Structures are given as structure tokens and as C-alpha cells.
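# Overview (structure and organization)
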Amino acid sequence: MHTDEYEISLGRELNHHQHVVRKIRTDLEKRRLRYQMDYREAVKAAAERHLTISSKELAAWQEDVEALPQWEQRLEEYRQTLSMMRISASRFEVD
């Protein structure tokens, strides 16, 4: 069953997930540029005391690294669901 309300809700979720994914990617890129290394390199450098970084900043970086794939997966699921819903609705309208 397709209703406009479902499509609107899915569209909102899709937009929210797109925003979150963009923000996480931007934050990761800012850190990569700031420290001139990726997360794994930063952890190693911090452990060897070659990088001065707060534990709070390192924890936030780790959180973003771990969260990004999950948000990307959910984003793709919303894209697919919304696409299938739109295909289903167009078939219903044609029949």
C-alpha cells in the first residue's frame, strides 16, 4: 500500500541521512587535513607520542570512522525503499 505520507516520511529520513553522512565525511576530511593523516595513522602516531591530540578528539574521530559505514548503509536502504515505493506507485497509477 502506498500513501503520500509514507513517501514524505521516507523522503525526510533520506534527507536527514544525507545530511548526517555529508557532515561525518566533512568532519573526517577536516581531521585528515588538519593532522595530515588518516585515523589509523593518528592512533599509531599518538601512541608513539609523535602526535599531540586530545583523547576527546581522538575518540570523536573514532566515533565518526565507525559511524560512517552504518549511516551510509541506512542511507542506501532509504534510497532503495523510496525508489521501490515510487516504482510501485507509478505501476498502480498506470494500471
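Before going into details, it helps to say that this report is about the structure given with it. (Residues numbered from 1 in each chain as written. Predicted model: local features only at pLDDT ≥ 70, side-chain atom pairs only at ≥ 80, totals over all residues. Heavy atoms only, no water.)

Next up on the list: helix α1 (residues 4-35). The end-to-end C-alpha distance of α1, which contains 32 residues, comes to 47 Å, matching closely the 46 Å that a straight helix rising 1.5 Å per residue would cover. Listing the buried residues of α1 in full gives Leu-10, Gly-11, Leu-14, His-17, Val-20, Val-21, Ile-24, Asp-27, Leu-28, Arg-31 and Tyr-35. Positioned one or two residues after α1, Gln-36 has a phi angle of 55 degrees, which is positive. (Helix = DSSP H or I, 4+ residues; strand = E, 2+ residues; numbered from the N terminus. Expected span 1.5 Å × (residues − 1). Buried < 20%, exposed > 50% of the residue type's maximum accessible area, 1.4 Å probe, protein only.)

Let's shift gears to the pattern of salt bridges. In total, this model carries 6 salt bridges according to the counting rule given. Here Glu-29 makes a salt bridge to Arg-32, at a shortest N to O gap of 2.7 Å. In this pair, Glu-29 and Arg-32 both sit in helix α1, 3 residues apart, roughly one turn of the helix. A residue is classified by how much of its surface remains accessible, and Glu-29, at 34% relative accessible area, is partly exposed. Here Glu-57 ties to Arg-31 by a salt bridge, and the two come within 2.9 Å at their closest N and O atoms. Separated by 26 residues along the polypeptide, Glu-57 in helix α3 (residues 55-94) and Arg-31 in helix α1 bring together distant segments of the chain. (Salt bridge = Lys/Arg side-chain N within 4 Å of Asp/Glu carboxyl O.)

With that settled, consider unusual backbone geometry. Of note in the backbone geometry, Gln-36 takes a positive phi value of approximately 55 degrees without being a glycine. According to the relative accessible area criterion, Gln-36 is exposed, its value standing at 64%. Phi at Arg-49 is positive, roughly 65 degrees, even though this residue is not glycine. Here Arg-49 shows up in the loop between α2 (39-47) and α3. On the accessibility criterion, Arg-49 (76% relative accessible area) is exposed.

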